[in-house]
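Fold and geometry: a report
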Amino acid sequence: MEINKVMVIGAGQMGSGIAQVCAQAGFAVKLNDMKEEFCQKGLGVIAKNLARNVEKGRMTEEEKTTILARITPSLDLQDASNVDIVIEAAVENMEIKRSIFGRLDEIAPQHAILASNTSSLPITEIAAATTRPEKVIGMHFMNPVPVMKLVEIIRGLATTDEVYQAVEEMTVKLSKTPVEVNDFPGFVSNRILMPMINEAIYTLYEGVATKEAIDEVMKLGMNHPMGPLQLADFIGLDTCLYIMEVLHEGFGDSKYRPCPLLRKYVSAGWLGKKSGRGFYIYE
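My aim in this report is to walk through the structure given alongside it, one point at a time. (Residues numbered from 1 in each chain as written. Predicted model: local features only at pLDDT ≥ 70, side-chain atom pairs only at ≥ 80, totals over all residues. Heavy atoms only, no water.)

Digging into the pairing of strand β8 (residues 177-181)
Note the following rule: The pairing criterion for strands is at least two bridges between them, as found by DSSP. Comment: elements are numbered from the N terminus, with helices defined as DSSP H or I runs of at least four residues and strands as E runs of at least two. Handedness of a crossover: with both strands directed away from the viewer, a clockwise path from the first strand across the helix to the second marks it as right-handed.
In the sheet, strand β7 (residues 150-155) pairs with β8 via five bridges, with the strands oriented parallel. Paired with Leu150 across the strands is Thr177, a residue of β8. Note on the crossover from β7 through helix α6 (residues 161-173) to β8: the handedness is right-handed.

Below you can see the structure in the form of structure tokens.
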């Protein structure tokens, strides 16, 4: 099962990063979104990232131009009709993902693999929206995609060994490290990370320490590059809340109950860095 042509759905932070690393690895990439302005914004981010690499001597201007030439903007899902794999990086919402996968199932060629970059939703449930669940798989990239080495590869209930192997080989070509994970809520990364962030929010909520003190303890005491509250701001507090709700619902265990302070901040529109305010204020 050879992969040459890739479509990435969603030109946001994750999607544009995935498109960039695929183009850098030599794949022909279609970057799809609903509006031209979204595609152009994503392409602009990629161009900026590559320009930074040229400035630092990591690549030549010619290499940058070649990589950008491999990426084609797309506004129509019908463009998936001749690709080998689709990597969906749309909003983290089961209804939206199932709708996209149902349409892709009708459009993409029979041999094509349908992958989701979901950070917490069950692959088996997404696959059930298609007539090819054996070709549906999870490819959970870490943020920021061009920098972070890990890709969690999640098998659905029906995912075949052949499909897993093809995606694993592609991941290695992207200069990433694949890790096989079974289909449980939150997989490994967010099942461990999000309860830690949620517990950090509880320590703030209960007045155990200030936000600065909590982050310093984890940075200096546990050698984390960023404190959990600052990291939550970078991820997006709405995303953190959504993943905690997926874990809480998926396991039915009170240890995954989202902190009331997290709910309050999201209700207030304090979503972190992207909204200008979360646990910290961003100019």
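A word on α6
Put simply, the rule is: One less than the number of residues in a helix, times 1.5 Å, gives the span that helix is expected to have. Burial here depends on accessible area, computed with a 1.4 Å probe over protein chains only, as a share of the maximum for the residue type. Under 20% is buried, over 50% is exposed, and the range in between is partly exposed. Relevant arc is that of directions from the helix axis to the C-beta atoms, nothing else.
Counted at 1.5 Å a residue, the expected span for α6 with its 13 residues is 18 Å, and the 18 Å between its end C-alpha atoms agrees. For α6, the complete set of buried residues consists of Val163, Tyr164, Ala166, Val167, Met170 and Thr171. Taken down its axis, α6 places every buried residue within 165° of arc, on the same side. Set apart from the buried face of α6 by more than 90 degrees, the exposed residues are Asp161, Val172 and Lys173. In the stretch just after α6, Ser175 is the one whose phi turns positive, near 65°.

A closer look at the layout of surface pockets
Inclusion rule: Cavities and pockets are defined on a 1 Å grid built over the protein atoms alone: a cavity is a set of grid points where a 1.4 Å probe fits but cannot escape, while a pocket is an open set with protein on both sides within 12 Å along at least five of seven lines, and lining residues are those with an atom within 4 Å of any such point. Grid points are joined across faces, edges and corners, and a volume is the space filled by probe spheres set on the points. For this classification, the nonpolar set comprises Ala, Val, Leu, Ile, Met, Phe, Trp, Tyr, Cys and Pro, the charged set comprises Asp, Glu, Lys and Arg, and every other residue, Gly included, is treated as polar.
In this structure, the second largest pocket spans a volume of roughly 190 Å³. What lines the second largest pocket is simply Met94, Leu121, Pro122, Glu125, Pro185, Tyr242, Glu245, Val246, Glu249 and Gly250. Among the elements that make up the lining of the second largest pocket, the one with the highest residue count is helix α10 (residues 237-251) (five residues). Considering only residue class, the lining of the second largest pocket consists of six nonpolar, one polar and three charged.

Side note on the packing of helix α8 (residues 211-222) against helix α9 (residues 228-235)
Inclusion rule: Between N-to-C directions, angles cover 0 to 180 degrees, with each direction set by a line fitted to C-alpha atoms, over the stretch in contact for helices. By the definition adopted for this analysis, an angle is roughly parallel if under 35 degrees, roughly antiparallel if over 145, roughly perpendicular if from 65 to 115, and oblique otherwise. Between two residues, a contact is recorded if the distance between any of their heavy atoms is within 4.5 Å.
Following both chains from N to C, one finds α8 and α9 inclined at 100°, their axes separated by 7 Å at the closest point. Here α9 runs roughly perpendicular to α8, going by the angle between their axes. Where α8 abuts α9, its residues Lys211, Ile214, Asp215 and Met218 lie against Pro228, Leu229 and Gln230. Tallied by class, residues from the contact of α8 with α9 come to four nonpolar, one polar and two charged.

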